[in-house]
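Single-letter residue listing:
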Amino acid sequence: MQTTGKRSIHSLVLDEITDYLATQNERPYRAKQIVDWLYQRRVGGFNEMSDLPQALRERLAQEFAFGNFETVRVLGSQDTTRKFLFRLGDGNLIESVLIPASPSLYGSTSDRRTICVSTQVGCAYGCKFCASGLDGFSRNLDASEIVQQLLAVEKASGERIDNVVFMGMGEPLANFANVVRAIRIINAPWGLEIGARHITVSTSGLAPQIRKLADEPLQSRLAISLHGATDDVRDKIMPINRKYNLTTLLAACDYYASRKKQRIYFEYILIAGINDAEEQAHLLAHHARRLGARVNLIPYNTVEGLEWSRPSREKQERFLSILRGHQVVATLRREKGHDIDAACGQLRLQTKRSEDGVIIAAVS
Ligand code: SAH
Ligand code: SF4
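**Things to note about the packing of aromatic side chains**
Consideration 1: The final tally for this structure, using the stated rule, is six aromatic pairs.
Consideration 2: For the pair Tyr-39 and Trp-190, a centre-to-centre distance of 6.1 Å together with 55° between the ring planes defines the contact as tilted. Pair noted here: Tyr-39 is in helix α2 (residues 29-40) and Trp-190 is in the loop between α5 (176-187) and β10 (199-203), with a separation of 151 residues, a long-range link.
Consideration 3: According to the relative accessible area criterion, Tyr-39 is buried, its value standing at 2%.
Consideration 4: For Trp-190, a relative accessible area of 13% puts it in the buried group.
Consideration 5: The structure contains a cluster of three or more aromatic residues connected by ring pairs, namely Phe-69, Phe-84 and Phe-86.
Consideration 6: Geometry around Trp-37 places Arg-41 over its ring, the cationic atom sitting 3.8 Å from the centre.
Consideration 7: For the cation-ring pair, Lys-212 lies above Phe-176, with the distance from its terminal atom to the ring centre recorded as 4.4 Å.

Here you go:
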């Protein structure tokens, strides 16, 4: 979304730029020149596109917005998880997280740098354990605001990103069209050229949209935030389960797996006394085996103001070994210091207004 009301050039796919140029009686090869400036040379405005005629540059600037994405602050250091706080054109604040090489991340091998992107300002789904939904939902990000998180993090860090997880603030499948569009641009050979196998969308369980995603010609990965192997557990912590219960969700996962011929991931946060009973592990294993899904266990990270906590290390390991006992491929995040979980999936911006009316942002 741009305050000017113009479409952002970073939300367009190559064909759309080509179509626009045709309406202007411009040659089709200009479209490739434009995307090269955007995604290879990464200029800051149309006036820098020096091999385009001046008149065309001016027309483009009149027609399209060029993202004004402001990096407000960066937290963390070179070899740890870093958080980037951005201010959008309308003043809203969002975060992205850059996670250094880690063997246990989605689609990641040890030498990959992963970005965790936000898809919405806030979240409407209100999972009881999550910080992102605490302040409710403000708005969807448009595709350019998703794509620009990658551009801005690469620029600020000087590092190349090669793995993308849609696990920041917001529910990606509730912002379906913009997320799919962003994936196209991130994946395209003329765009950011990140392989579809290294792009993972995470959802809390929007069953109809999972089916819709299955029908899209994309090979990106899907992670389901399961967090409970029965309806009674999911009902307690994830309001979405009252709308799409476990049977409905798993049927949608079945459909996805059959259409895509790829494994999906189950994410399972371990929360003490809520979903960590051994019976849950056995049932989770049953669901995972039936679907051929992999399970990523994530010890819960405490959120200020919420009562939840993670089970003991012993209990976490026991849960893992039950899954493995059922021949399920499962991992447990054990990294300390990396702080991956604290970074990804529980983003929360606390904003307050200072006396002179300037928004000050702090990241928790
Ligand atoms: N809305 C989507 C994607 C963003 S959340 C979804 O729910 O899948 C990304 C992941 O972080 C989800 O699995 C979410 O359940 C998890 N998460 C949220 N709060 C967390 C916390 N405090 N500790 C660990 N993981 C958390
Ligand atoms: Fe929203 Fe995902 Fe957090 Fe649930 S876990 S409130 S869906 S961001």
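**Focus: the site of ligand 2**
Consideration 1: Close contacts around ligand 2 come from Cys-123, Tyr-125, Gly-126, Cys-127, Phe-129, Cys-130, Ser-132, Gly-170, Glu-171 and Ser-204, and that covers them all.
Consideration 2: A breakdown of the residues in the shell around ligand 2 according to their chemical character gives five nonpolar, four polar and one charged.

**Overview of the environment of Cys-127**
Consideration 1: Residue position: Cys-127 is located in the loop between β7 (120-122) and β8 (137-140).
Consideration 2: Here Cys-127 falls in the buried class, since its relative accessible area comes to 14%.
Consideration 3: Cys-127 sits 77 residues away from Ser-204 along the chain, and the two C-alpha atoms are 8.6 Å apart.
Consideration 4: Excluding its chain neighbours within four sequence positions, the residues that come into contact with Cys-127 are Ile-237, Met-238 and Pro-239.

**Some points on unusual backbone geometry**
Consideration 1: The residue Arg-42 is not glycine, and still its phi comes out positive at about 55°.
Consideration 2: Inspection of the secondary structure puts Arg-42 in the loop between α2 and α3 (54-63).
Consideration 3: Of note, Lys-261 is a non-glycine position whose phi angle comes to about 50°, a positive value.
Consideration 4: Take Lys-261: it is sitting in the loop between α9 (246-260) and β12 (265-270).
Consideration 5: Residue classification places Lys-261 among the exposed residues on the basis of a relative accessible area of 71%.

Reading the values: rules and limits
- Residues numbered from 1 in each chain as written.
- Chains lettered and ligands numbered in written order.
- Predicted model: local features only at pLDDT ≥ 70, side-chain atom pairs only at ≥ 80, totals over all residues.
- Heavy atoms only, no water.
- Phe/Tyr/Trp six-rings, centres within 6.5 Å; stacked < 30°, edge-to-face > 60°.
- Helix = DSSP H or I, 4+ residues; strand = E, 2+ residues; numbered from the N terminus.
- Buried < 20%, exposed > 50% of the residue type's maximum accessible area, 1.4 Å probe, protein only.
- Lys NZ or Arg CZ within 6 Å of the ring centre and 35° of its normal.
- Near = heavy atom within 4 Å.
- Nonpolar A, V, L, I, M, F, W, Y, C, P; charged D, E, K, R; others polar.
- Contact = heavy atoms within 4.5 Å.

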